[in-house]
Amino acid sequence: MKAMIFAAGRGERMRPLTDSVPKPLLKVRGRPLIVWHVLNLVRAGIADIVINHSWLGHMIEQELGDGSRYGARIVYSHEPQPLETAGGIANALHLLGDAPFLALSADIYAPYFDFSDALDALKDTDALGQTIPLDQRDIAWLWLTPNPWHNPEGDFALDMYTLKNEGAAKWNFANIGVYRPEMFEGITPGEFVKLGPLMRKYIDLGRVGGEIYQGQWVNVGTAAQLEELNAPLRAAKPAA
């Protein structure tokens with residue numbers, strides 16, 4: 001399986017930090033956000049990585065190179081102007097191949113996420129080993145988290161392992177998912193397309209599965225969040 005890391009965003013809310021450093025290279029605990037992902041992907045056996053970039057993208061390439069220092073094989077998809085998530089994927093499909101691929105945002109901090117869970121996320125057979133018809137297979141599998149402060153209403157409901165656009169309880173999309181390439185084949189490379197409307201269309205068709213991730217997860221969107229993540233760890237209280 002290949003992975004794609006989205007690193008093309010401008011990071012407007014993180015300015016002025018992102019005026020001179022691309023957001024994925026901002027450091028948490030002494031390590032750039034994007035490097036946390038690269039190391040965890042390689043640890044899970046996912047070494048072929050595509051990274052899209054735009055703003056100050058040359059700095060990302062200088063930092064990561066071809067990925068060999070991390071045990072990865074990294075290639076890049078440059079976007080003169082950010083194409084949004086679905087547009088960025090469509091623009092990089094020629095690098096991702098024909099098999100399902102993992103995709104995630106560079107600006108999330110999830111140091112304990114086990115990316116090996118993605119390897120069997122999209123199956124072609126059911127529990128009895130029978131082949132699922134092409135038009136009935138899940139086209140995407142998303143990880144959801146408890147709703148953070150910046151998204152209190154959540155994004156999607158979950159019925160067993162099937163996502164719903166509506167429901168009494170909604171969960172936050174973790175910006176980590178596995179996708180089949182055919183989901184994006186109708187998008188012209190270079191076209192600006194958001195992921196949300198496309199995802200909701202397939203959810204209405206019952207073709208998006210998912211599960212809850214309860215581990216540490218932060219969408220690093222403000223300087224205050226970055227500062228909090230880098231704050232000194234509290235010393236353990238001495239036993240009474």
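Figured I'd write up the structure that's included with this text. Residue positions are counted from 1 within each chain, in the order its sequence is given. In keeping with the model being predicted, local features are shown solely for residues with a pLDDT of at least 70 and side-chain atom pairs are shown and tallied solely at 80 or more, while totals for entire chains, interfaces and linings include all residues. Note that water and hydrogens are dropped before the side-chain values are worked out from all heavy atoms of the structure.

The set of buried Ala, Val, Leu, Ile, Met, Phe, Trp, Tyr and Cys residues whose side-chain atoms join them within 4.5 Å is what this entry labels a nonpolar core. Relative accessible area decides the class of each residue, using a 1.4 Å probe on protein chains only: under 20% of the type maximum gives buried, over 50% gives exposed, and in between gives partly exposed. If you look at the biggest cluster of nonpolar residues, it comprises 35 residues, and the most contacted ones within it are I34, I51, L102 and W143. Only strand 1 (3-7), helix 1 (33-43), strand 4 (48-53), helix 2 (57-64), strand 5 (73-78), strand 6 (101-105), strand 8 (140-145) and strand 11 (170-179) provide two or more residues apiece to this core. Numbering goes from the N terminus for both helices and strands, where a helix is a DSSP run of H or I of at least four residues and a strand is a run of E of at least two. By residue number, the principal contributor to this core is helix 1, which donates four residues. Here, two residues are considered to be in contact whenever any of their heavy atoms come within 4.5 Å of each other. Aside from chain neighbours lying at most four places away, what touches I51 is I5, A7, I34, I60, L64, I74, V75, Y76 and S77.

A few words on the pattern of salt bridges. When a carboxyl oxygen of Asp or Glu is within 4 Å of a side-chain nitrogen of Lys or Arg, the pair counts as a salt bridge. Under the criterion given, the structure shown has seven salt bridges. Here R15 and D19 are joined by a salt bridge, their closest N and O atoms 2.6 Å apart. Given the relative accessible area of 44%, R15 is considered partly exposed. Overall, D19 belongs to the partly exposed group, its relative accessible area being 32%. In this structure, R73 engages D48 in a salt bridge whose closest nitrogen and oxygen atoms are separated by 2.7 Å. In this pair, R73 sits in strand 5 while D48 sits in strand 4, placing the two residues 25 residues apart along the sequence. R73 gets classed as partly exposed once you look at its relative accessible area, which sits at 49%. Through salt bridges with shared partners, one network takes in R10, R15 and D19.

Moving on: the pairing of strand 4. Taken across its six residues, strand 4 has five buried, putting it largely inside the fold. What makes two strands pair is DSSP finding at least two bridges between them. With five bridges connecting them, strand 1 and strand 4 associate as parallel partners. Each bridged residue has a counterpart across the sheet, and for F6 the counterpart in strand 4 is N52. Here strand 4 pairs with strand 5 via six bridges, running parallel. Its bridge partner lying in strand 5, D48 is registered against R73. Here, the term right-handed applies to a crossover whose path from the first strand over the helix to the second runs clockwise when the strands point away from the viewer. Each parallel crossover has a hand, and the one from strand 4 via helix 2 to strand 5 is right-handed.

Keep in mind that these numbers describe shape and distance, not what the molecule does.
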